[in-house]
Amino acid sequence: MREQEDDIRPGRLLVATPILADPNFRRSVVLVVDHGPEEGTLGVVLNRPTEVAVGQILPPWAGLASGPDVVFQGGPVGMDSALALARLPGTDEPLGWRALDGVPAVARIGLVDLDGPPSLLADGIDGLRVFAGYAGWGPGQLRSEIAEGSWYVLTAEPGDVFAEAPGELWKAVLRRQGGDLAFVATYPEDPSLN
């Protein structure tokens, strides 16, 4: 577990273990967006789509949103604010986009300035996802939760952020790990019914 604790950085996934009962994070997959020893950790939940269309909240960005083109519940903090992630296919870095620093596998995924005009990014992205709110941990808080067995820290793949079936992401990420973690993907929703 110590190895996982030292690997928290932007671009990594926090995958809830079956023992994490908090309804905000039960069976969630969180992409770490920012992390620092003094600042703490910020991420977005990738597998909580809402029924609210991006066009209802941010009409100018609706045409760029990846399917499902709904707003995702990024976490329990700041639900009245939005942030977005976009994937760039090339090597250019257009205005209004900032790469996640950390993991090469997701190096072409970054944060989008939603206050800027969508036209700055329209021709340069091949995926956009909008999140209402975010997940946040104070300094040392996430490390404590990992030590308690609440989270797995795993490698992200570029498709995780834009999964077409986000409701299946928790199982999919665990399955691809192989070994014991692949077996965890079969853990029943309610073990008392087994």
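Sequence order sets the numbering: in each chain, residues are counted from 1 along the sequence as written. The predicted nature of this model means local features are confined to residues of pLDDT at least 70 and side-chain atom pairs, given and counted, to a pLDDT of 80 or more, with totals for whole chains, interfaces and linings taken over all residues. Each side-chain value is worked out from all heavy atoms of the structure, with water and hydrogens disregarded.

1. Description of the pairing of strand β2 (residues 29–36)
Here is the key point about a regular strand: its side chains alternate between the two faces of the sheet.
Point 1. Within β2, six of the eight residues are buried, which leaves the element mostly enclosed by the surrounding structure.
Point 2. Being paired, for any two strands, means DSSP has found at least two bridges between them. Helix and strand definitions follow DSSP, with helices as H or I runs of at least four residues and strands as E runs of at least two, each counted in order from the N terminus. Of the strand pairs in this sheet, strand β1 (residues 12–16) and β2 are connected by three bridges, and their pairing is antiparallel. Within the sheet, the bridge partner assigned to V15 lies in β2 and is V29.
Point 3. Sheet topology places β2 next to strand β3 (residues 40–45); six bridges connect them, and they run antiparallel. Bridge pairing links G36 to G40 in β3. Classification of residues uses two cut-offs on accessible area relative to the type maximum, computed with a 1.4 Å probe and protein chains only: under 20% is buried, over 50% is exposed, and between them is partly exposed.

2. Some thoughts on the packing of aromatic side chains
Point 1. Only rings of Phe, Tyr and Trp enter the pairing, Trp through its six-membered ring, and a pair is recorded when the two centres are within 6.5 Å. The plane angle decides the type: under 30 degrees is stacked, over 60 is edge-to-face, the rest tilted. Under the definition given, this model contains four aromatic pairs.
Point 2. An angle of 55 degrees between the planes, with centres 5.9 Å apart, marks the rings of F72 and F131 as tilted. Separated by 59 residues along the polypeptide, F72 in strand β5 (residues 70–73) and F131 in strand β9 (residues 127–137) bring together distant segments of the chain. Like F131, F72 is buried.
Point 3. Grouping aromatic residues by their ring pairs yields a cluster made of F25, W137 and W151.

3. A short note on unusual backbone geometry
Point 1. For the bond running from G67 to P68, omega is -5 degrees, close enough to zero to count as cis.
Point 2. With a phi angle near 55 degrees, R27 is a residue other than glycine that sits in the positive phi range.
Point 3. Within the secondary structure, R27 is located in the loop between β1 and β2.
Point 4. Accessibility expressed as a relative area gives 11% for R27, which makes it buried.

4. Quick notes on the pairing of β5
Point 1. Bridging between strand β4 (residues 49–53) and β5 involves two bridges; their strand directions are antiparallel. By the bridge assignment for β5, A53 is matched with V70.
Point 2. The pairing of β5 with β9 spans two bridges and is parallel. Its bridge partner lying in β9, F72 is registered against F131.

5. Description of the environment of L169
Point 1. In this structure, L169 sits in helix α4 (residues 169–175).
Point 2. Each C-alpha atom of the pair L169 and P117 lies 31 Å from the other, and the pair is 52 residues apart in sequence.
Point 3. The contact criterion used is simple: two residues touch if any of their non-hydrogen atoms lie within 4.5 Å. Not counting chain neighbours up to four residues away, the residues in contact with L169 comprise V29, L46, N47, D160 and A163.

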